[in-house]
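Working through the structure, step by step
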Amino acid sequence: MKKILSISTVLLLAAIYVQVHAQSQEDMKKWMDYMTPGDMHQMLAKSNGDWNEEITQWMAPGAPPMQYTATCTNKMIMGGRYQQSMQTGSFNGMDFEGESTVGYDNAKKVFVMTWIDNLGTGIVYMEGTYDAATKTATFTGKETDPMSGKDMDIKQTMQFADDNTQFMDMYSTQNGQEFKMLEVKFTRK
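First, a word on what this report is: a plain description of the structure on this page.

Describing the sheet that holds strand S7 (residues 136-144)
Taken together, the 10 strands give a closed barrel; going around it, the order is S1-S2-S3-S4-S5-S6-S7-S8-S9-S10, and neighbouring strands pair in antiparallel fashion. Strand after strand, the sheet turns through a mean of 25 degrees between neighbouring axes, direction not considered. As defined by bridge partners, strand S1 (residues 49-57) adjoins strand S2 (residues 66-77) across 9 bridges and the pair is classed as antiparallel. Within S2, the residue paired with threonine 56 across the bridge is glutamine 67.

A few points about the nonpolar core
Among the nonpolar cores identified, the biggest contains 29 residues, and Phe111, Met126, Phe139, Met168, Met170, Leu182 and Phe186 are the most heavily contacted of them. When residues of this core are assigned to their parent elements, the largest contribution, 5 residues, is made by strand S10 (residues 177-188). Apart from the residues within four sequence positions on either side, methionine 168 is in contact with Gln156, Thr157, Met158, Leu182, Glu183, Val184 and Phe186.

Remarks on the packing of aromatic side chains
For any pair of aromatic rings, geometry is given as the distance between the ring centres together with the angle between the planes. Evaluation of the coordinates by the stated rule reveals 7 aromatic pairs. With 6.4 Å between their ring centres and 25 degrees between their planes, phenylalanine 96 and tryptophan 115 make a pair best called stacked. Note that phenylalanine 96 is positioned in strand S4 (residues 94-105) and tryptophan 115 in strand S5 (residues 110-117), a separation of 19 residues in sequence. The pair phenylalanine 96 / tryptophan 115 is uniform in exposure class, with both members buried. Their ring planes at 65 degrees and their centres at 6.3 Å tell us that phenylalanine 111 and phenylalanine 139 sit as a pair that is edge-to-face.

Some remarks on the pattern of salt bridges
Inspection of every chain in the model, using the stated rule, returns 7 salt bridges. As a salt-bridge pair, lysine 142 and aspartate 153 come within 2.5 Å of each other at their nearest N and O atoms. With lysine 142 in strand S7 and aspartate 153 in strand S8 (residues 151-162), the pair connects residues that are 11 residues apart, well separated along the chain. Classification of aspartate 153 as partly exposed rests on a relative accessible area of 37%. Notably, a salt bridge pairs glutamate 183 with lysine 180, separated by 2.7 Å at the nearest N-O pair. Take glutamate 183: its relative accessible area is 31%, and that puts it in the partly exposed class. When salt bridges with common partners are traced through the structure, they connect Asp169, Lys180 and Glu183 into a single cluster.

What counts, and at which threshold
- Residues numbered from 1 in each chain as written.
- Predicted model: local features only at pLDDT ≥ 70, side-chain atom pairs only at ≥ 80, totals over all residues.
- Heavy atoms only, no water.
- Pairing = 2+ DSSP bridges.
- Helix = DSSP H or I, 4+ residues; strand = E, 2+ residues; numbered from the N terminus.
- Axes fitted to C-alpha atoms, helices over the stretch in contact; angles between N-to-C directions.
- Core = buried A, V, L, I, M, F, W, Y, C linked by side-chain atoms within 4.5 Å.
- Buried < 20%, exposed > 50% of the residue type's maximum accessible area, 1.4 Å probe, protein only.
- Contact = heavy atoms within 4.5 Å.
- Phe/Tyr/Trp six-rings, centres within 6.5 Å; stacked < 30°, edge-to-face > 60°.
- Salt bridge = Lys/Arg side-chain N within 4 Å of Asp/Glu carboxyl O.

As structure tokens, then:
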């Protein structure tokens, strides 16, 4: 009886070891897939380099547009996992600095983006999908309305027209109405 119990115990422990080991191998593969840059990261890397920006901005629906220029430099960071974009320019007579980080989350299968600038103190976070047919990424998220202190819905589209031209449009929803608040044409230097 002791021999049967001992053999059963050894078999049970062996089965548990095999299951845990197999699960660990499966988990390790998932982690490796999650951390390895892929096709979407390579697509982002095509935008590396220096760009000129022609910007049109509307402060409110129906308001006259303001136009100004800026420049940005894009580079992949963290081993090709994220693209950092550093932007500089002048807005309404003030120096402007902005920084975005864009990546592709392999687990969620979405693009992720953060934005900060020296014209505010908040951090914008958006997620988005890519439409290969139109070469357009569409992001949605929230931004703090500094007038009310409340979150407002925002949407951003980024069209990769060709290797040297990109277009970005940003929309805000206020009082239930979506309006275009920003339009940027990027031209590679």
